[in-house]
Amino acid sequence: MSEAAHIVADPTRQENVTRILDCAERLFRHYGYGKTNVADIARELGMSPANIYRFFASKVEIHQAVCGRMLGASYKMAYEISRLPISAEERLRRYVHAQYKMTMEVMLDDQKVHEMVIVALERDWGVIDKHIDSIHDLFAEVIREGIEAGEFADQDPVIASRCFGAATVILCHPQMVAQCLAKTNRAMPDDLIDYAIRALK
């Protein structure tokens, strides 16, 4: 297992990992994931490829770490919305709108980023499943609070959160969002969100 798989306790080593990931993300965005290799990243940093391999076992592992950082930004946004002092319904609404906006701006407007995301989705990495589980956990708690406040019907909040996520996935999944942009026979975001929230009531 590479050293990147472990928590990096040494600040200098953590700094090197961050530099490698920053550089890799920059090159992936500029040239595309498929056209960037470990030698390119090493050259850009003034390192040898062997030095990169001290921290990451492969380009795939670097890609996983870069995607993990992107998912971390998505989770941070979701967490902050889930803690807002507003109704549960409005928190759910704001989250889906915000995730849809992030998907449109970050993952679709930049085609190179879109390529990175699609490769990650096609490889079915565990990091993506863990992210989805984390989002479901956040909003299961929001739904639980909505039930206690009388906003939503009495139900299992864990199942409800998963169903809510499934009902709105077309607004959050990069491939689905991209495929539906030019379609005129698809539900509009506000209509879909309203429908999913009504199901909780």
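Residues numbered from 1 in each chain as written. Predicted model: local features only at pLDDT ≥ 70, side-chain atom pairs only at ≥ 80, totals over all residues. Heavy atoms only, no water.

### A few points about the nonpolar core
Okay, so step 1: By size, the foremost hydrophobic cluster in this structure holds 24 residues, and its most contacted members are L92, Y95, F139, I143, F152, F164 and L200.
Okay, so step 2: Counting only elements with at least two residues in this core, the list comes to α4 (59–82), α5 (88–108), α7 (126–148), α8 (157–168) and α10 (189–200).
Okay, so step 3: Ignoring anything within four residues of it in the chain, the contact list for Y95 reads M77, A78, I81, I135 and F139. (Core = buried A, V, L, I, M, F, W, Y, C linked by side-chain atoms within 4.5 Å. Buried < 20%, exposed > 50% of the residue type's maximum accessible area, 1.4 Å probe, protein only. Helix = DSSP H or I, 4+ residues; strand = E, 2+ residues; numbered from the N terminus. Contact = heavy atoms within 4.5 Å.)

### Structural notes on the side chain of H131
Okay, so step 1: Relative to the helices and strands, H131 is located in helix α7.
Okay, so step 2: Assessed through its relative accessible area of 14%, H131 is described here as buried.

### Brief notes about the pattern of salt bridges
Okay, so step 1: Summed over all chains, the structure comprises 13 salt bridges.
Okay, so step 2: Here R144 ties to E141 by a salt bridge, and the two come within 2.6 Å at their closest N and O atoms. Of the two residues, R144 and E141 both sit in helix α7, 3 residues apart, roughly one turn of that helix.
Okay, so step 3: Here R144 falls in the partly exposed class, since its relative accessible area comes to 30%.
Okay, so step 4: Within this structure, E89, E90, R93, R94, D194 and K201 form a network of salt bridges that share partners. (Salt bridge = Lys/Arg side-chain N within 4 Å of Asp/Glu carboxyl O.)

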